Amino acid sequence: MIPQVGVFERCLQEAADAAKPALAQCIDHAVAGLQLAETQSMKTAERDEFGLAWRELLKHKDGWCAQYPQDLLKAFRSAAPSTPDLLAATPPVQPATTRGGMNPDLFSLVDNAQVEQHIESSRLLQQVLPAVGQVLAELDALMSSAQGLVNVRPAFNPVRPEVYARTLRNLMATAAVEPAIHALWVNHLAEPMGRELKRVYEKLVNLLELAQVRAASYRVVPTPASARTSRPAPLGGCGAPRAGGAASASPVGVGYVSDEPLARSPSQYADLSDGELRDELFQDFLFRGGNAASHGLTPSYYATIEEELIALKASSDSAPAPLQARSQQRPVSGEDHDYHGTRSDPSRPTLPAGDADAGDDFGSPENPSRIINVLSQLSSQVWGVYGRARERALVRIQLKKDATHVGQVLGMEVVRQLVNEVAQDPRLLVPVREAIVALEPSLLRLAMVDSRFFNEENHPGRRLMERVAQRSFKYNSEASAEFDAFFNSVTEAFNALNALDIADAQPFSAALSSLQNLWDAQDRQEKAQRSSMRQTMQFAEERQSQADQIALDMSMRADLDQVPGVVLDFLFGPWALVLAHARLTDTQRQIDPQGYGSLVSDLLWSVKPQVTLKRPAQLIEMIPGMLAKLHAGLASLGQDPRETEAFFSTMEKLHRPVLKLRRVRSRRDAEESDAAPLEMALDDAPEMSEILPATPEQRKAKTAGQPWLAPRELDDAGFEDTLPSGPAELNEEPIDEEMSLAAGADCKEQSSAANTSPNAEQVLFGLREGSWVDLHSKRRWLRAQLIWASTRGTLFMFVSQGGQPHSMTKRICERLITQGLLRPVNTSGVVNQALDALLSQSETPAALNSPM
């Protein structure tokens, strides 16, 4: 085929020119989304992050929009073959590639930042591809033809989405922002980028068609005459005939089947026995949807599958072999027919049954776990016949035999490798990984009717795997009644699916709904309890916030001169909390609930002896009511009386001169004269001189570090037996026993000051409400969830199994993180991570040598 260089170059220029307005639209859409997220977020840290993200986007918008077309044009020209004629005649020998079409050497000599950039580009690409899949397949065929290629070569399309995503990611990498900001950009740019890229591709397709470019096709093989006879109706995984199969009397495995009308033969066939073509089709199918997905299968494919099926049926079950260490595992392939168990590493000792949970560190994250993959033998008592690897393999090979299209075969291969990746995810408990392996037969049957379900995040089949995995993060040990209840429900649902003929996604949707309803019912009481705990902490935080503002307002009063410092400490601390508490609990919307606010003026007047000694009768009349209201206010707050002992002792000393006058003079004398000679108080002068007026520093109201909590609130929040807090803050330097109780952790003080590692604060900042952590408490590892954090990030509440709360200050959290006693659990998408692993794995010969 003769290349059409002029049209090809015009397409490259057109694609580059369209990039500027397209990127501007994407950025505008992303900024709007980030601004909306900022207004809806309830967390200060998240709001700041969203705000920084959209402001940085706007700052770089003009520069990026100008630079992006230039960078794209260079990338297009670099990606385009230099000699189309030679390329059409002799397809190039490409180096070993990853599933994403990348050289594995890229991953051997790069740092973590580069790998992270590749993963972000891949995720951006995965979100863009569904929007452009159909038009991209047309463009691939036309661009291949414009370059003079006889067959479609998607990897030689210089304007493919990978080039757009990689170039944009490289452009964003020039911005000096945190990785979290890059992630937000990717998430909010993906959707509009897919939409804009689809428009660009439609324009290019129209341009090529107007230039009379004829689309290239995939390399096909002619249908032999012997294959034109039809073959027996194919059998489903459970042995039932499937609709759409044609009758045949052909030899074993020879011939073809197709869902096209029997009146005519399939127009194209893909030769999956050709390793190079098969690998190319697999990559195209995994990342683009596959232009050849609807193509038929050649007789050689069926002949090879039939031989494999006969050999497998002739094999016999045997006892499971010891399992090998993951570091020694080889990629799963059809040639590695070890259906009776994986190999073991003799240099690695195995633990006797039950030893995994032995010792004091029950459920420790370091406890070893068995290696699980698609070749593992599972318990037949739990999983029935599909506990045996051989039976699962029989289903897989039988379904491959029954396949009529390339897409079905490739879809099943993706499912197999995806299940294998999830089964080796070390974050999941062994029974959960075994459950995913046991579900493989149903997932394979689903791939026969919906070959690309794995690419849809909301597909019931994918969501079922993800939800089971996410639910399992509640547990860090399988040796508990709670995990048994969870696992039994999963076992029942998965076994029921394996017993069905899968015609669509409805059984998976029903299974997920049933499990979710069961979990919701189990969580109802726990959610109510957590809601109560959260409300307690939110109330305490709001009360402290209002108290801080009240204290600030009181510090502006003009009558604070000569007021003792201990009195101001009381007003700015406990009494401000009393006022805030009264306002928050008042249901009648009074201006001064309980009259606690009006008491402040009387209190300030009463502690100035130079004034009260001149009007003793007024003070004597005021004291009983004032003391009663003070005690009532503190009682409503639930404050421990010990916290205000110093204040009331000072009050008694300040009032003593006037009370002494009352004892030495008759009531009549006191009523006749408002003034009392100051000499009468001289006897108390030494004691009075110890009470000094507030310093300028004491007259400044200070914001509390974290919310004040009453003893009852401390208990409810998980601060069991914590010593009373100060007037406005929790104790930041508890002794060993206090920290062990308040934090719920068994740790020892290493020094008098907290030796926080540089990363501890960053780790803590990375936690969000809903994050899971492993917390060491009372010689046990507990799986706990963060359910609340104060707005200022100074106080945190976790809840472990059974609804046990564990609340602690920021400093205690950082200390526990430093000592390895508080560890965040990575709960990122299990299926997403498995797909990312397929991207980064090298395509070794053993990985794809088996017939599909």
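Numbering of residues begins from 1 in every chain and follows the order in which that chain's sequence is written. Reporting in this predicted model follows two pLDDT cut-offs: at least 70 for local features of residues, and 80 or more for side-chain atom pairs to be given and counted; totals over whole chains, interfaces and linings ignore these cut-offs and use all residues. Side-chain descriptors were evaluated using all non-hydrogen atoms of the structure, hydrogens and water having been removed beforehand.

Engineer: So, unusual backbone geometry: which residues are in play, and what are the values?
Structural biologist: Trans peptide bonds make up most of the peptide bonds, and negative phi angles are found at most residues other than glycine. At Gln212, a position not held by glycine, the phi torsion is positive, near 65°. With respect to the element layout, Gln212 can be found in the loop between helix 7 (179–210) and strand 1 (269–270). Unusually for a residue other than glycine, Arg589 sits at a positive phi of about 55°. Each residue is placed in one exposure class: buried if its accessible area under a 1.4 Å probe, protein chains only, is under 20% of its type's maximum, exposed if it is over 50%, and partly exposed if it falls in between. A relative accessible area of 79% places Arg589 in the exposed class. For the purposes of this entry, the term helix denotes a DSSP run of H or I that reaches at least four residues, the term strand denotes a run of E that reaches at least two, and both are numbered from the N terminus.

Engineer: Summarise the pairing of strand 5 (residues 795–800); cite the residues concerned and give the values.
Structural biologist: Of all six residues in strand 5, six are buried; the element is thus mostly enclosed. A two-sided burial pattern is seen for strand 5, the buried positions comprising Leu795, Met797 and Val799 on one face and Phe796, Phe798 and Ser800 on the other. By definition, two strands form a pair when at least two bridges between them are found by DSSP. When strand 4 (residues 780–789) meets strand 5, the two strands line up antiparallel, connected through five bridges. Within the sheet, the bridge partner assigned to Leu786 lies in strand 5 and is Phe798.

Engineer: If you had to explain the pairing of strand 4 to someone new, which residues and values would you point to?
Structural biologist: Most of strand 4 is tucked away, with eight of its ten residues classed as buried. Judged from the six bridges that link them, strand 3 (residues 772–777) and strand 4 form a sheet pairing that is antiparallel. Its bridge partner lying in strand 4, Val773 is registered against Ala784. Hairpin geometry of strand 3 and strand 4 is characterised by an intervening segment of two residues between the two adjacent antiparallel strands and by a positive phi of about 50° at Lys778. Between strand 4 and strand 5, which follow one another and run antiparallel, lie five residues, and Gly793 among them has a positive phi close to 70°.

Engineer: Could you give me a rundown of the packing of aromatic side chains, with the residues and numbers involved?
Structural biologist: Classification of ring pairs uses Phe, Tyr and Trp, with its six-membered ring standing for Trp, and accepts pairs whose centres are within 6.5 Å; under 30 degrees between planes counts as stacked, over 60 as edge-to-face, and the remaining range as tilted. Per the stated rule, a full pass over the model turns up 16 aromatic pairs. Working rule: Lys NZ or Arg CZ, within 6 Å of ring centre, within 35 degrees of ring normal, means a charge sits over the ring. Lying over the aromatic face of Trp54, Arg55 brings its terminal NZ or CZ to 5.6 Å of the ring centre. It is Arg768 that lies over the ring of Phe765; its NZ or CZ is 5.5 Å from the centre.

Nothing here speaks to function; it is geometry throughout.
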